[in-house]
Amino acid sequence: MYSYLNSLDVFIYQLINLSYHNIFLNNLALLICYFGVTFVGILIAIFLMIFGDKRSKKISIILLISIIITYCVTGLIKYVVLRPRPFAQLTNYVLLTSATDPSFPSGHTSNATAVFYVLSREYKRYWLMIIPIIVGLSRIYVGVHYPSDVFFGFIVGFIIAYVVDYIFHKKFMGEN
């Protein structure tokens, strides 16, 4: 079973990573990756804290807590699993950027999911959840993650943001 899943993971990776590349798409994919960088989520939270109303300030706290926990949990999982990056294992790939930490799960995807889940839920803009999906696909396209890294990064970010959001609303805002 593991062999089959690994083969499927490599197949989907190569399907996306070896797809059509040009200077525009390559730069667009690299730009999209930045939406998953922890710093971007922190900037959004700071912006809401400084320029937002009272509700936005509370949302910024949910964001910051979600980002910090997601960063720590993702990092812990990475160094427990120690999965090598695709470019360290495969011979047929396009690599547009590099990374030195382990591959599983995708930190960019988990972070983008945590940030945009909170924003989509709090502001009722559910279409924002397309952003972490696009971030995850871009991480495969640029050559640094397998699809399973991205999938589990999405799951990790979603669970953490959901739990933080739920607890914050239940404990600090008195909602049931």
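Going by the structure above, here's the rest.
Keep in mind that this is a model prediction, so the values were computed, not measured.

Student: Explanation requested: the overall build of the chain in the structure shown.
Tutor: The number of helices and strands found in the chain is 8 helices and 0 strands. Along the chain direction, N to C, the helices and strands of the chain fall in the order α-α-α-α-α-α-α-α. Relative to its length of 176 residues, the chain is compact, with a C-alpha radius of gyration of 17 Å against a globular reference of 16 Å. When its C-alpha atoms are laid out on the principal axes, the chain stretches across 55 × 35 × 25 Å. Taken across its 176 residues, the chain has 43% of its residues classed as buried. Each charge class in the chain was averaged separately, 13 positive and 7 negative side chains, and the resulting centres sit 5 Å apart.

Student: So what exactly am I meant to see when it comes to a nonpolar patch on the surface here?
Tutor: Together, Phe 39, Leu 43, Ile 46, Phe 47, Met 49, Ile 50, Phe 51, Ile 61, Ile 65, Ile 69 and Val 73 line one region of the surface with nonpolar side chains, adding up to about 1000 Å² of accessible area. When residues of the nonpolar patch are traced back to their parent elements, those giving at least two are helix 3 (38-51) and helix 4 (54-81). The element contributing the most residues to the nonpolar patch is helix 3, with 7 residues. One can find Leu 43 in helix 3. The partly exposed category is assigned to Leu 43, whose relative accessible area is 42%.

Student: Would you mind showing me how to read helix 2 (residues 23-33) here?
Tutor: Structurally, the α-helix is built with 3.6 residues per turn, so residues lying three or four positions apart point the same way. Every buried residue belonging to helix 2 is among Asn 26, Ala 29, Ile 32 and Cys 33, and all of these are buried. Projection of helix 2 onto a plane perpendicular to its axis shows the buried side chains occupying an angular sector of 130°, all on one side. Exposed side chains of helix 2 directed beyond 90 degrees from the buried face belong to Ile 23, Phe 24 and Leu 31. Two to three positions downstream of the cap, the backbone nitrogen of Phe 24 sits 2.9 Å from a side-chain oxygen, assigning the N-cap of helix 2 to Asn 22.

Student: How do you make sense of the pattern of salt bridges when you look at a structure like this?
Tutor: Two side chains carrying opposite charge are able to pair once their charged atoms lie near each other. Within this structure, the stated rule accounts for 6 salt bridges. Salt-bridge contacts for Asp 101 lead to Arg 85; the nearest nitrogen and oxygen are separated by 2.5 Å. Taken together, the positions of Asp 101 in the loop between helix 5 (86-89) and helix 6 (107-122) and Arg 85 in the loop between helix 4 and helix 5 put the pair 16 residues apart, joining distant regions of the chain. Judged by its relative accessible area of 5%, Arg 85 is buried. Salt bridges here are not isolated pairs; linked through shared partners, they connect Asp 9, Arg 83 and Asp 149.

Student: Explain the packing of helix 3 against helix 6 here, please?
Tutor: The angle between the axes and the distance between the axes are what describe a pair of packed helices. At a closest axis distance of 9 Å, the pairing of helix 3 and helix 6 adopts a crossing angle of 25°. Here helix 3 lies roughly parallel to helix 6, going by the angle between them. At the point where helix 3 passes helix 6, the crossing takes the left-handed sense. In this structure, helix 3 contributes Thr 38, Gly 41, Ile 44 and Leu 48 to the contact, and helix 6 contributes Asn 111, Val 115, Phe 116 and Leu 119.

Student: When you look at the environment of Ile 44 in this model, what are you seeing that I'm missing?
Tutor: Structurally, Ile 44 is set in helix 3. The sequence separation of Ile 44 and Ile 155 amounts to 111 residues, and the corresponding C-alpha distance is 22 Å. Leaving out residues up to four positions away in the same chain, Ile 44 has contacts with Leu 63, Val 115, Phe 116 and Leu 119.

Calculation notes
- Residues numbered from 1 in each chain as written.
- Predicted model: local features only at pLDDT ≥ 70, side-chain atom pairs only at ≥ 80, totals over all residues.
- Heavy atoms only, no water.
- Helix = DSSP H or I, 4+ residues; strand = E, 2+ residues; numbered from the N terminus.
- Rg over C-alpha atoms; globule rule 2.2 N^0.38 Å.
- Buried < 20%, exposed > 50% of the residue type's maximum accessible area, 1.4 Å probe, protein only.
- Lys, Arg positive; Asp, Glu negative; His and termini not counted.
- Charge placed at Lys NZ, Arg CZ, Asp CG, Glu CD.
- Patch = residues over 30% accessible without salt bridge, like charges linked within 9 Å, V, L, I, M, F, W, Y side chains within 5 Å.
- Areas by Shrake-Rupley, 256 points an atom, 1.4 Å probe, with all protein chains shown as cover.
- Salt bridge = Lys/Arg side-chain N within 4 Å of Asp/Glu carboxyl O.
- Arc of directions from axis to C-beta.
- Polar contact = N/O pair within 3.5 Å; in protein donor to acceptor, adjacent residues only side chain to side chain.
- Axes fitted to C-alpha atoms, helices over the stretch in contact; angles between N-to-C directions.
- Parallel < 35°, antiparallel > 145°, perpendicular 65-115°, else oblique.
- Left-handed = near helix turned anticlockwise from the far one by under 90°.
- Contact = heavy atoms within 4.5 Å.

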